[in-house]
Amino acid sequence: MLLNLDGPCREPRRLIGALLRVDLGARIRVDHVAGRVQMEGRFWKHEVIAAIERQGYRLRGWEERPLSPRVMPGALAA
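The sections below set out a description of the structure shown in this document. Here the residue numbering is sequential within each chain, running from 1 through the sequence in written order. Note on the predicted model: pLDDT of at least 70 is required for a residue's local features to be given, and 80 or more for side-chain atom pairs to be given and counted; whole-chain, interface and lining totals, by contrast, use all residues. With hydrogens and water set aside, each side-chain value is computed from the structure's full complement of heavy atoms.

Describing the sheet that holds strand E3 (residues 36–40)
One open sheet holds the 4 strands; their spatial order is E2-E3-E1-E4, and the pairing between them is antiparallel. Unpaired on one side and paired on the other, strand E2 (27–31) and strand E4 (59–63) mark the two borders of the sheet. The mean inter-strand angle of the sheet, taken between neighbouring strand axes irrespective of direction, is 15°. Strand pairing follows a simple DSSP-based rule, namely that at least 2 bridges must link the two strands. Helix and strand assignments come from DSSP, with helices taken as H or I runs of at least 4 residues and strands as E runs of at least 2, each series counted from the N terminus. As paired strands, strand E1 (residues 2–5) and E4 are joined by 4 bridges and run antiparallel to one another. When the sheet's bridge partners are listed, Asn 4 is paired in E4 with Gly 61. Two residues qualify as a contact provided that any one of their heavy atoms is within 4.5 Å of a heavy atom in the partner residue. Each axis is a line fitted through C-alpha atoms, taken for helices only over the stretch in contact, and angles between the N-to-C directions span 0 to 180 degrees. Sitting on the sheet, helix H1 (residues 12–22) touches E1, E2 and E3, and the angle it makes with E2 is about 155°. Here helix H2 (residues 45–54) sits on the sheet and contacts E1, E3 and E4; the angle it forms with E4, its principal contact strand, is near 150°.

Listed below in structure tokens is the structure:
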């Protein structure tokens, strides 16, 4: 999921901490200057949005993306 904040991210570590409480195993990348957050994992979209809003940020929009491709265990043996 790619989230666009309504401005720059002032405290990226605090935001990352809040998102990790939603999904501890998530992969999170924050472009604090552009106000973009890329998050990949297993989570509910409304929980992520609520966590961001609790940190005082507003969302300009978001884009859902499929999970990154994974190698199936049987494909390695072939």
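Continuing now.
So, the nonpolar core
Residues Leu 3, Leu 5, Leu 15, Leu 19, Val 37 and Ile 52 are the most contacted members of the largest nonpolar core, which totals 16 residues. Of all the secondary structure elements, the ones that give two or more residues to this core are E1, H1, E3 and H2. The element contributing the most residues to this core is H2, with 4 residues. For Ile 52, the residues in contact, after removing those within four places along its chain, are Leu 3, Leu 5, Leu 15, Leu 19, Tyr 57 and Leu 59. Residues enter a nonpolar core if they are buried and are Ala, Val, Leu, Ile, Met, Phe, Trp, Tyr or Cys, with the set joined through side-chain atoms within 4.5 Å. Per-residue accessibility, obtained with a 1.4 Å probe over protein chains only, is compared with the maximum for each type, and a residue is labelled buried under 20%, exposed over 50%, and partly exposed between these values.

Side note on the packing of H1 against H2
Following both chains from N to C, one finds H1 and H2 inclined at 150°, their axes separated by 9 Å at the closest point. Classed by the angle they form, the pair H1 and H2 counts as roughly antiparallel. Classified by chirality, the crossing of H2 by H1 is right-handed. On H2, the residues that touch Leu 15, Ala 18, Leu 19 and Val 22 of H1 are Glu 47, Val 48, Ala 51 and Ile 52. Relative orientations are named as follows: roughly parallel for angles under 35 degrees, roughly antiparallel for angles over 145 degrees, roughly perpendicular for angles from 65 to 115 degrees, and oblique for any other angle. By convention, the crossing between two helices is left-handed when the near helix turns anticlockwise from the far helix through less than a right angle, and right-handed when the turn is clockwise.

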